[in-house]
Amino acid sequence: MCGIVGYVGKKEASPILVEGLSKLEYRGYDSAGIAVIDKDVIEISKCKGRLANLKDKLDTSPVKGKIGIGHTRWATHGEPSDINSHPHTSENGSISVVHNGIIENYLHLREWLSSKGYKFYSETDTEVIPNLICHFYNGDLLDAVMKAVSKMEGSYALGVVSCDEPDKIVAVRKDSPLVVGVGTDEFFIASDVPAILNRTRDVYYLNDKEFVVLNDAGVKIYSPEGDEIKKELVTVTWDADAAEKGGYEHFMIKEIHEQPKAIRDTMTSRIIPGQPITLDNIKMTKADIENIDRIYIVACGTAYHAGVVGKYVIEKLAKIPVEIDIASEFRYRDPIINEKTLMIALSQSGETADTLAALREAKTKGARVIAITNVVGSSIAREADDVIYTWAGLEIAVASTKAYTTQLILMYVVALYFAQHKNTLGVDEIEKIKNEMLSLPEKVSEVLKHKEVLQKFAANNYMHKDMFFLGRGLDYAVAMEGSLKTKEISYIHSEAYAGGELKHGTIALIEKGTAVIAIATQESLYGKMISNVKEVTTRGANVLGFALEGNTSIESTVDSAFYLPKTIDILSPVLSVIPLQLVAYYMAIQKGCDVDKPRNLAKSVTVE
Ligand code: M6R
């Protein structure tokens, strides 16, 4: 995680670096810092805590210069503190570095450098990097960085400046994202495009171990072997306003309200009544699809929960066995993979290190990989055989919302695409599902109009330490996502349980007043689910129940009911997750939590 930026041009670097960091704070916010070169002196300003602390510091003690690097940190090695903040500087003060990633052999490098007389002051893995570069420096910064990274194991995106070559930034990446921005007489590096979107839309996406040297005359990119290379300059089409709150109090609530549009955009051109489903430029033939004997959906967090829904629907509609795996577990459990295996790597950011590692493992073993991601040009998009994009738009809040619902949409699209090619569903059945899908944006908008019951439940329950989410079938899959939202933004411990499983142990935790959200949208399981809800109300639980419009009988079992527009069973997760996102949001607000930047978290987890 962490966010890095760099600027070289004709303007003062410090405000531009801070502006860039403000767009990257979602990647980590334990500390922030910048290094700016004026003439041949590196000036550093850094401190623990949010970027606001750094801004205050810079207001009282500005740093001047037209070239610099900046960092916002999500702590891995070493607690959040001033001393552990980036940039880190070589002991002789000549080289400063910002780093996103983890240097896995840093202890070995630290010992080696210590034996040569280098001293270390922080607890970070990063501090070895400037010293290593310094050790190899012999009048050529690029050469020294190349030599240093050849000794490093792990992941890194680096921005490096040196007072011996005060006109340039050297940058490189491996397994951590980095883009290079090209403006008019000014050039940038950043972990992610929003950091530079106010300044330029023209970017180079670097591949692993490509190096870049930036000065105020331009950008030169080098291959891992050190040869200068030409790359395609990509023009980003995102709307810069997407990175603003647009009148909402938080990005999360803004993004919750953007879901009707995000869902509609994600279906556009893929789902058209009367026409076969199309899947972008996917290169799979009918024979390739028939050849698949197993699908692994691999993802983390919220994307994993979308994958759980994907398993249900692909198996149900396309009749292909699907396993759903947590990415960080997948590669270590020796999964059975061969050329008949398809992996679907699901990731909003396209940069999640665990998912990327699982993708690489699957490819090495001969599987074909489809990436489903929201970020064009991301590592996962580039390394997969095929990519399908969720057109959710920029998602800034750490808690994922519109990425989840658009991932669900693509799970349905993929299931229908395979069903269409394998003839596991008739044309009429496919048309019926497609038409129902096309009505989802309207129905989500409808759900978003009715918040009172949810606000009341949040107000009455935000002070609880524990909460339970119950559901059966796809409602259980959605319950997992509701539980994660609650944990991550309102810090309430919660568990999602399959309605029928609770009685096998966990029901012992239910007592008078225990807060429970029961989701009962699956028509085929409604009766059974109501019985499970009765089991907890009998023991005193305070239950908010979700049901489809018309199923008013739920009212006799629960304390309060929330109704969702009618839809078919497989599509209900798109609707039922909306009130779950809202309840988590309202509870977090009641508790005074920092909704968009929950403690200990970062949006993009680029370390394993
Ligand atoms: O970018 P990704 O979809 O790969 O991210 C995966 C998880 O880190 C992410 O979904 C995380 O769980 C969210 N904070 C949940 O809201």
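Predicted model, so just to flag it, every value in this text is computed and none were measured. (Residues numbered from 1 in each chain as written. Predicted model: local features only at pLDDT ≥ 70, side-chain atom pairs only at ≥ 80, totals over all residues. Heavy atoms only, no water.)

Student: I'd love a proper account of empty space enclosed by the protein, names of residues and values included.
Tutor: If you walk through the whole model with that rule in mind, you get two cavities of 30 Å³ or more. Among the elements that take part in the lining of the largest cavity, strand E6 (residues 95-103) stands out by supplying three residues, more than any other. Along the lines of polarity and charge, the residues of the lining of the largest cavity split into five nonpolar, eight polar and two charged. Of the volumes computed, that of the second largest cavity is approximately 40 Å³. Counting residues per element, the ones that place at least two in the lining of the second largest cavity are strand E1 (3-8) and helix H1 (13-22). The element best represented in the lining of the second largest cavity is H1, accounting for three residues. Class assignment for the residues of the lining of the second largest cavity results in six nonpolar, two polar and no charged. (1 Å grid on protein atoms, 1.4 Å probe; cavity = no way out; pocket = protein on both sides within 12 Å on 5 of 7 lines; lining within 4 Å. Points joined across faces, edges and corners; volume = space filled by probe spheres on them. Helix = DSSP H or I, 4+ residues; strand = E, 2+ residues; numbered from the N terminus. Nonpolar A, V, L, I, M, F, W, Y, C, P; charged D, E, K, R; others polar.)

Student: How would you sum up the packing of aromatic side chains? Please name residues and give values.
Tutor: For the structure on display, the rule yields six aromatic pairs. The interplanar angle of 35 degrees and the centroid separation of 5.4 Å between the aromatic rings of Tyr389 and Trp391 together place this pair among those described as tilted. According to the relative accessible area criterion, Tyr389 is buried, its value standing at 15%. Plain terms: the ring middles of Tyr585 and Tyr586 are 5.6 Å apart, the flat faces sit at 65 degrees to each other, and that makes the pair edge-to-face. The class of Tyr585 is buried, set by a relative accessible area of 5%. A cation sits over an aromatic face here: Arg599 above Tyr491, 3.8 Å from the ring centre. (Phe/Tyr/Trp six-rings, centres within 6.5 Å; stacked < 30°, edge-to-face > 60°. Buried < 20%, exposed > 50% of the residue type's maximum accessible area, 1.4 Å probe, protein only. Lys NZ or Arg CZ within 6 Å of the ring centre and 35° of its normal.)

Student: Help me get a handle on helix H15 (residues 440-448), residues and values and all.
Tutor: Buried within H15 we find Leu440, Pro441, Lys443, Val444, Val447 and Leu448. Each buried residue of H15 lies within a common arc of 160 degrees when the element is viewed along its axis, so the set occupies one face. Its buried side turned inward, H15 meets helix H6 (251-257), helix H7 (259-267), helix H13 (402-422), helix H14 (427-438), strand E25 (560-564) and helix H19 (572-591). (Arc of directions from axis to C-beta. Contact = heavy atoms within 4.5 Å.)

Student: How would you sum up the nonpolar core? Please name residues and give values.
Tutor: Ile295, Ile314, Phe418, Met437 and Ile517 are the most contacted members of the largest nonpolar core, which has 96 residues in total. At 13 residues, H13 tops the list of elements feeding residues into this core. Discounting chain neighbours no more than four positions away, the residues touching Met437 are Met267, Ile271, Ile409, Tyr412, Val413, Leu416 and Leu571. Counting residues in each nonpolar core, the second largest holds 30 residues, with Tyr106, Val128, Leu132 and Tyr156 among its members. (Core = buried A, V, L, I, M, F, W, Y, C linked by side-chain atoms within 4.5 Å.)

Student: I'd like a description of the environment of Val180, backed by residues and values.
Tutor: Summarising the element assignment, Val180 is placed in strand E9 (residues 179-182). Residues Val180 and Tyr7, spaced 173 residues apart in sequence, show a C-alpha to C-alpha distance of 10.0 Å. Not counting chain neighbours up to four residues away, the residues in contact with Val180 comprise Phe188, Ile189, Asp202, Val203, Tyr204, Leu206, Val212, Leu214 and Val219.

Student: Break down the pairing of E1 for me, with residues and values.
Tutor: Along E1, six of the six residues are buried, which leaves the element largely enclosed by surrounding structure. With burial as the criterion, each face of E1 is covered, one bearing Gly3, Val5 and Tyr7 and the other bearing Ile4, Gly6 and Val8. Strand direction decides the pairing type here: E1 and strand E4 (residues 67-73), joined by six bridges, are antiparallel. Following the sheet pairing, Tyr7 is matched in E4 by Gly68. Pairing geometry for E1 and strand E10 (residues 187-190), over four bridges, is antiparallel. Directly across from Gly6, in E10, lies its bridge partner Ile189. (Pairing = 2+ DSSP bridges.)

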